[in-house]
Amino acid sequence: MNPIQGLHHVTAVTRDAQVNVDFYRNVLGQRFVKRTVNFDSPDSYHFYFADEAGTPGSVLTFFVWQNVKRGTRGNGETAAVAYNIPSGSIGFWHDYFSGKGVTVHPVEQRFGMEVLSFDDPDGMGVELVASGASPESQFWETGPIPQGHALSGFHSVTLWLVEIEPTADLLINQMGYTFVGREGNRHRFTGGSGSLANTLDILHRPVQPEDLPDQAVFGAGSIHHIAFRVPTDDEQLEYQSALRAAGYGVTPVRDRSYFHSIYYREPGGVLFEIATEGPGFAIDESIDSLGESLKLPKWLEPTRSAIEENLPPISLQSIEKGK
């Protein structure tokens, strides 16, 4: 069984479909590669944003739950998702965000790299890491950001946990990650050598006995789960068997049309998924037209009219290149 190479996708929650599309597509420059519905709750959208082709390791997805209350960050969740940007691009993004009315936090240094942090319109933590462009990510030519500064897939995610050791044991002994270092209360682990989205950070946030539990409150702006990638269905089944043998409650394989998934919770409570790299986002529309129309799995097609009536319309606005 090969080690996990890195992330496949990250799934979060938004409460406003149009605002979500406008921000991730028109501001951050992520291609809107798929509009579908939550297969487990088809009365709500499920959006996918990624690079030009929807490369695993670049895919941020959203469940659109209208009017849900905003969540609160805390222990037991993924608190931030980070993208790669080219070295030297922090200044571009700082100025660009200023022109777009996006409030940013002071630039940090982490493990020798500059990090620019901000919140998306729902309050989700997003970070840009000046790590250099990823050759595995495909630049979206018609997006708003020049290639020299564009996002190029995920760099990492950050988990907020009370305890480090149980989750570290899972990552290292069951998933093939390597512990690479610590800065303050941030512990860094990496998957496949040099692969896209191969970094996972744990922020150690122990709760003192006199303190109230600082647990996350789930809602808009919360990250629902993080998905790791494997190349084949057979390898996914190997992980399913091994994780069950190690005592983790792993779900049966679920068909998500664009990939196959299994789910389990790590010891701190964060929902993990292992997803296959295929079949990919071009199985029901061409690469050129990704995200332009609502796509449904075959078992939901008979109810398409009813589903479409209950979903708000989405507009894909024209894009101007950032400067």
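Predicted, not measured: the structure shown is a model, and the values here were computed from it.

**A short note on the overall build of the protein**
For step 1, the next point in the chain: A tally of helices and strands in the protein yields five helices and 16 strands.
For step 2, the next point in the chain: A globule of 323 residues ought to have a C-alpha radius of gyration of about 20 Å, and the protein, at 19 Å, matches this closely.
For step 3, the next point in the chain: The buried share among the 323 residues of the protein stands at 55%.
For step 4, the next point in the chain: Considering only contacts in the protein between residues 6 or more positions apart, those separated by 24 or more positions represent 69%.
For step 5, the next point in the chain: Per element, the accessible surface of the protein, about 13,600 Å² overall, is 49% carbon and sulfur.

**As for the packing of aromatic side chains**
For step 1, the next point in the chain: Here the structure, examined in full by the defined rule, presents 27 aromatic pairs.
For step 2, the next point in the chain: Aromatic side chains Phe47 and Phe49 sit 6.5 Å apart centroid to centroid with 85 degrees between the ring planes, which places their arrangement in the edge-to-face category.
For step 3, the next point in the chain: Among the aromatic side chains, those forming a connected cluster through ring pairs are Phe23, Tyr24, Phe32, Tyr45, Phe47, Phe49, Phe62, Phe92, Trp93, Tyr96, Phe97 and Phe118.
For step 4, the next point in the chain: Between Arg205 and the ring centre of Trp160, over which it is positioned, the NZ or CZ distance is 4.0 Å.

**Brief notes about the sheet that holds strand 15 (residues 260–265)**
For step 1, the next point in the chain: What the eight strands build is an open sheet, ordered 2-3-4-1-13-16-15-14; its pairing is mixed. Strands at the two margins of the open sheet, each flanked by one partner only, are strand 2 (31–38) and strand 14 (254–255).
For step 2, the next point in the chain: The pairing of strand 1 (residues 7–14) with strand 4 (residues 59–64) spans six bridges and is classified as parallel. Counted as the bridge partner of Val10 is Leu60 from strand 4.

**Things to note about helix 3 (residues 165–174)**
For step 1, the next point in the chain: The complete set of buried residues in helix 3 reads Thr167, Ala168, Leu170 and Leu171. The buried residues of helix 3 occupy one face: seen down the axis, they fall within an arc of 160 degrees. Residues of helix 3 that are exposed and angled more than 90 degrees away from the buried face: Glu165 and Asn173.
For step 2, the next point in the chain: Looking at the packing, one finds that the buried side of helix 3 touches strand 9 (154–161), strand 11 (186–190), strand 12 (199–204), helix 4 (233–245), strand 15 and strand 16 (271–276).
For step 3, the next point in the chain: One or two residues past the end of helix 3 sits Gly176, with phi positive at roughly 80 degrees.

**Re unusual backbone geometry**
For step 1, the next point in the chain: That bond from Gly278 to Pro279 is cis: its omega, 10 degrees, falls within 30 degrees of zero.
For step 2, the next point in the chain: Relative to the helices and strands, Pro279 resides in the loop between strand 16 and helix 5 (304–309).
For step 3, the next point in the chain: Positive phi values are uncommon outside glycine, yet Ala197 reaches one of about 60 degrees.
For step 4, the next point in the chain: In this structure Ala197 comes out as buried when scored by relative accessible area, which is 2%.
For step 5, the next point in the chain: Of note in the backbone geometry, Ser257 takes a positive phi value of approximately 70 degrees without being a glycine.
For step 6, the next point in the chain: Within the secondary structure, Ser257 sits in the loop between strand 14 and strand 15.
For step 7, the next point in the chain: Ser257 gets classed as buried once you look at its relative accessible area, which sits at 17%.

**Observations concerning helix 4**
For step 1, the next point in the chain: Over its 13 residues, helix 4 runs 18 Å from end to end, which matches the ideal 18 Å to within 8%, given 1.5 Å per residue.
For step 2, the next point in the chain: Taken as a whole, helix 4 has its buried residues at Glu235, Gln236, Tyr239, Gln240 and Leu243. For helix 4, the angular spread of the buried residues around the axis is 150 degrees, confining them to a single face. What points out from helix 4, more than 90 degrees from its buried face, is the exposed set Asp234 and Ala245.
For step 3, the next point in the chain: Of the surrounding secondary structure, the elements contacted by the buried residues of helix 4 are helix 3, strand 13 (223–230), strand 15 and strand 16.
For step 4, the next point in the chain: Positioned one or two residues after helix 4, Gly247 has a phi angle of 100 degrees, which is positive.

**Section: the sheet that holds strand 9**
For step 1, the next point in the chain: Taken in spatial order, the eight strands line up as 6-7-8-5-9-12-11-10 in an open sheet, and their pairing is mixed. With partners counted over all chains shown, the strands left at the sheet margins are strand 6 (108–110) and strand 10 (178–183), one partner each. Averaged over neighbouring strand pairs, the angle between their axes works out to 30 degrees when direction is ignored.
For step 2, the next point in the chain: Pairing geometry for strand 6 and strand 7 (residues 113–119), over three bridges, is antiparallel.

Conventions we followed
Residues numbered from 1 in each chain as written. Predicted model: local features only at pLDDT ≥ 70, side-chain atom pairs only at ≥ 80, totals over all residues. Heavy atoms only, no water. Helix = DSSP H or I, 4+ residues; strand = E, 2+ residues; numbered from the N terminus. Rg over C-alpha atoms; globule rule 2.2 N^0.38 Å. Buried < 20%, exposed > 50% of the residue type's maximum accessible area, 1.4 Å probe, protein only. Contact = heavy atoms within 4.5 Å. Areas by Shrake-Rupley, 256 points an atom, 1.4 Å probe, with all protein chains shown as cover. Phe/Tyr/Trp six-rings, centres within 6.5 Å; stacked < 30°, edge-to-face > 60°. Lys NZ or Arg CZ within 6 Å of the ring centre and 35° of its normal. Pairing = 2+ DSSP bridges. Arc of directions from axis to C-beta. Expected span 1.5 Å × (residues − 1). Axes fitted to C-alpha atoms, helices over the stretch in contact; angles between N-to-C directions.

All we've got here are geometric facts, nothing functional implied.
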